[in-house]
Amino acid sequence: FALLLLSMTALAYARPIVRHIRSTHEFDRLMKKHSTQTGLPVIVDFYSDGCGPCRMIAPIFKKLAQEVGGKAVFVKVDTNALHELSSRYGVRSLPTFK
């Protein structure tokens, strides 16, 4: 029973397969960490909840993240919430992957 409880606790605190970025500061920290410490590539999905093609590609993006495993970091950036990042990376249409 204790092993099962420990396993369930570990799953609850495991990192998500695709991380949803909540702020520009969080994004900048993540990019700095992976460029200076881990060397892992960061694949960014710039999306909007109101974008049909974004909703269609989301499960494929998640599946790719699962298949790649720990060889890359997958993140999503909501362009409606984080205009500064969209502008900084020249996002003009959705979905955009960088």
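That block above? That's the structure.
Residues numbered from 1 in each chain as written. Predicted model: local features only at pLDDT ≥ 70, side-chain atom pairs only at ≥ 80, totals over all residues. Heavy atoms only, no water.

## Overview of the overall build of the protein chain
For step 1, the next point in the chain: Across its full length, the protein chain carries four helices and four strands.
For step 2, the next point in the chain: Counted from the first residue to the last, the protein chain has its helices and strands arranged as α-β-α-β-α-β-α-β.
For step 3, the next point in the chain: In the protein chain, which comprises 98 residues, the share counted as buried stands at 31%.
For step 4, the next point in the chain: A total of about 6,700 Å² of accessible surface is found on the protein chain, and carbon and sulfur atoms cover 61% of it. (Helix = DSSP H or I, 4+ residues; strand = E, 2+ residues; numbered from the N terminus. Buried < 20%, exposed > 50% of the residue type's maximum accessible area, 1.4 Å probe, protein only. Areas by Shrake-Rupley, 256 points an atom, 1.4 Å probe, with all protein chains shown as cover.)

## A few points about the sheet that holds strand S2 (residues 42–47)
For step 1, the next point in the chain: Pairing is mixed across the open sheet formed by four strands, whose spatial order is S1-S3-S2-S4. Lying at the two open borders of the sheet, with one neighbouring strand each, are strand S1 (18–21) and strand S4 (96–97).
For step 2, the next point in the chain: One ladder, built from two bridges, connects S2 with S4; its direction is antiparallel. Pairing of Phe 46 across the sheet is with Thr 96, part of S4.
For step 3, the next point in the chain: In this fold helix H2 (residues 24–38) packs onto S1, S2 and strand S3 (73–78), with an angle of close to 135° to the strand it touches most, S1.
For step 4, the next point in the chain: The sheet strands contacting helix H3 (residues 52–68) are S1, S2, S3 and S4, and the helix crosses S3 at an angle near 160°. (Pairing = 2+ DSSP bridges. Contact = heavy atoms within 4.5 Å. Axes fitted to C-alpha atoms, helices over the stretch in contact; angles between N-to-C directions.)

## Considerations on H3
For step 1, the next point in the chain: For H3, which comprises 17 residues, the first-to-last C-alpha distance of 25 Å matches the rise-based estimate of 24 Å (1.5 Å per residue) to within 8%.
For step 2, the next point in the chain: Within H3 the residues assigned to the buried category are Cys 54, Phe 61 and Ala 65.
For step 3, the next point in the chain: Packing partners of the buried residues in H3 comprise S1, S2, S3 and S4.
For step 4, the next point in the chain: Just beyond H3, the residue with positive phi is Gly 69, at close to 65°. (Expected span 1.5 Å × (residues − 1).)

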